[in-house]
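Inside the fold
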Amino acid sequence: MSNIFSTLAQYFSYKFVLSALIVGALVSLCASLLGVTLVLRRRSMIGDGLSHVAFGALALATVLGFAPLAFSLPVVIIAAVLLLRVSENSRMGGDAAIAVISTTSVAVGVIAISLTSGMNTDVSSYMFGSLTAMEDGDVILSVILSVIVIAFYLIFFNRIFSVTFDEDFAKATGIHTEFYKTATAIVTAVTVAIGMRVIGAMLISALVIFPALSAMRVFGSFKKVTVCAAILSLVCAFLGICASCLFSLPTGAAIVASNAVAFCIFSLVGAISRSVSKG
């Protein structure tokens, strides 16, 4: 056990590991907070669609020589607003819209990379995350954006709650529901964009879904689910990054695996609790 702690202490002395831990924790926290709302509104797959868009944008940015995060952010935000509008005001269903946009984005990204000669691009780090993917500028921008996302959620918590559970009632009480739905889509896009370098395009949507679902297995109130999901996401992010360091695992996969184990544990605890209460 002491060897494990000493090995982790050595890893956390490296700047790139600390950067990944900070960004991974902040992204996990943002994703879990937004995930509760998205799961309850049955919009959780928007995270998956936006992650594919982010991959395509990131690949294009790398090919064209632009700053990856600065280029990807506006693209993903536009895609989030477009997905929201198409899913609500079009004959095309939300799932179909997500599928069309996400698969097209991945195809564009892969083609852009494959057609660029003489470029050493590690596509797997985009797809599954990497501890070394974040540069100093990306880390600073990610921290600033994450703080903005968390502040938005906390400041407007009551109104987000109202729109989540009863949009018609919220609109009747004077809440600008369209603004909050659009704002939620935008901050989800921001979270996906800043988390893709560490977590990976194929896995980032799991951070939106797992903590919320795990918390819902045990708790019934919106506030308790939100708090539990936030704490659980931070714990899983830390455990996943530790596992990534110790066993040389892809960072995103290790964090998602931690969330999957937590979901199984919470499901078991919830089932036992319900069984005891019925008995």
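Criteria and thresholds
Residues numbered from 1 in each chain as written. Predicted model: local features only at pLDDT ≥ 70, side-chain atom pairs only at ≥ 80, totals over all residues. Heavy atoms only, no water. Core = buried A, V, L, I, M, F, W, Y, C linked by side-chain atoms within 4.5 Å. Buried < 20%, exposed > 50% of the residue type's maximum accessible area, 1.4 Å probe, protein only. Helix = DSSP H or I, 4+ residues; strand = E, 2+ residues; numbered from the N terminus. Contact = heavy atoms within 4.5 Å. Phe/Tyr/Trp six-rings, centres within 6.5 Å; stacked < 30°, edge-to-face > 60°. Polar contact = N/O pair within 3.5 Å; in protein donor to acceptor, adjacent residues only side chain to side chain. 1 Å grid on protein atoms, 1.4 Å probe; cavity = no way out; pocket = protein on both sides within 12 Å on 5 of 7 lines; lining within 4 Å. Points joined across faces, edges and corners; volume = space filled by probe spheres on them. Disulfide = S-S within 2.5 Å. Axes fitted to C-alpha atoms, helices over the stretch in contact; angles between N-to-C directions. Parallel < 35°, antiparallel > 145°, perpendicular 65-115°, else oblique. Left-handed = near helix turned anticlockwise from the far one by under 90°. Nonpolar A, V, L, I, M, F, W, Y, C, P; charged D, E, K, R; others polar. Patch = residues over 30% accessible without salt bridge, like charges linked within 9 Å, V, L, I, M, F, W, Y side chains within 5 Å. Areas by Shrake-Rupley, 256 points an atom, 1.4 Å probe, with all protein chains shown as cover. Salt bridge = Lys/Arg side-chain N within 4 Å of Asp/Glu carboxyl O.

**Details of the nonpolar core**
- Counting 75 residues, the largest nonpolar core has Phe-12, Leu-50, Val-76, Leu-83, Tyr-153, Ile-199 and Leu-207 as its most contacted members.
- With 13 residues, helix H2 (residues 15-40) is the single largest residue contributor to this core.
- Setting aside residues up to four positions removed in sequence, Leu-83 forms contacts with Ile-46, Leu-50, Ala-97, Ile-98 and Ile-101.

**Some remarks on the packing of aromatic side chains**
- By the definition in use, this model includes 13 aromatic pairs.
- Consider the rings of Phe-161 and Phe-165, whose centres lie 5.0 Å apart with planes at 50°: the pair is tilted. Placement of the pair is Phe-161 and Phe-165 together in helix H8 (residues 157-165), with a separation of four residues, close to one helical turn.
- On the basis of relative accessibility, which here comes to 35%, the residue Phe-161 falls in the partly exposed class.
- Cluster of aromatic residues (ring-pair linked, three or more members): Tyr-153, Phe-157, Phe-161, Phe-165 and Phe-222.

**A short note on the environment of Ala-185**
- Position of Ala-185 among the secondary structure elements: in helix H10 (residues 177-199).
- By relative accessible area, Ala-185 is classed as buried at 6%.
- A C-alpha to C-alpha distance of 7.8 Å links Ala-185 and Ile-77, two positions 108 residues apart in sequence.
- If near-sequence neighbours (up to four positions away) are discounted, Ala-185 is found in contact with Leu-50, Ala-80 and Leu-84.

**Side note on the environment of Ser-233**
- Tracing the backbone shows Ser-233 in helix H12 (residues 222-247).
- If sequence neighbours within four positions are ignored, Ser-233 has contacts with Ser-28, Leu-29, Ser-32 and Pro-211.
- There is a polar contact of 3.4 Å between the side chain of Ser-233 and the backbone oxygen of Ser-28.

**Focus: empty space enclosed by the protein**
- A complete count under the given rule lists two cavities of 30 Å³ or more for this structure.
- For the largest cavity, the calculated volume is near 160 Å³.
- Taken together, 13 residues form the lining of the largest cavity, with Leu-38, Arg-41, Lys-181, Thr-184 and Ala-185 sitting closest to its centre.
- Elements supplying a minimum of two residues to the lining of the largest cavity: H2, H8 and H10.
- The greatest single-element share of the lining of the largest cavity, amounting to four residues, is contributed by H10.

**Overview of unusual backbone geometry**
- A positive phi is found at Ser-248, a non-glycine position, where the angle reads about 55°.
- Position of Ser-248 relative to the elements: it lies in the loop between H12 and helix H13 (251-278).

**Section: the state of the cysteines**
- Enumeration over the complete set of coordinates arrives at zero disulfides.
- Not part of a disulfide, Cys-245 finds its nearest cysteine sulfur in Cys-242, a span of 6.6 Å.
- Cysteine Cys-264 shares no disulfide, and the gap to the nearest cysteine sulfur, in Cys-236, comes to 11 Å.
- Given a relative accessible area of 53%, Cys-264 falls into the exposed group.

**Things to note about the packing of helix H11 (residues 204-218) against H12**
- Two elements in contact, H11 and H12, have axes separated by 8 Å at closest approach and are oriented at 125°. If you check the angle between H11 and H12, you find them oblique. The interaxial crossing formed by H11 with H12 has right-handed handedness. Listed contacts from H12 to Pro-211, Ala-212, Ser-214, Ala-215 and Met-216 of H11 are Val-225, Cys-228, Ala-229, Leu-232 and Ser-233.
- Partitioning the contact of H11 with H12 into residue classes produces eight nonpolar, two polar and no charged.

**What about a nonpolar patch on the surface?**
- Together, Val-218, Phe-219, Val-261, Ile-265 and Val-269 line one region of the surface with nonpolar side chains, adding up to about 400 Å² of accessible area.
- Here the element with the most residues in the nonpolar patch is H13; it accounts for three residues.
- Structurally, Phe-219 is set in the loop between H11 and H12.
- Overall, Phe-219 belongs to the partly exposed group, its relative accessible area being 34%.

**What about the packing of H11 against H13?**
- Packing of H11 against H13 leaves a shortest axis separation of 7 Å and a crossing angle of 15°. Classified by the angle between their axes, H11 and H13 sit roughly parallel to one another. H13 is crossed by H11, and the crossing has left-handed handedness. The segment H11 lies against H13, with Ala-206, Leu-207, Phe-210, Pro-211, Leu-213, Ser-214, Ala-215, Arg-217 and Val-218 engaging Ile-255, Val-256, Asn-259, Ala-260, Ala-262, Phe-263, Phe-266, Ser-267, Val-269, Gly-270 and Arg-274.
- Among the residues making up the contact of H11 with H13, the classes are represented as 14 nonpolar, four polar and two charged.

Read these as layout, nothing more, since geometry by itself doesn't imply function.
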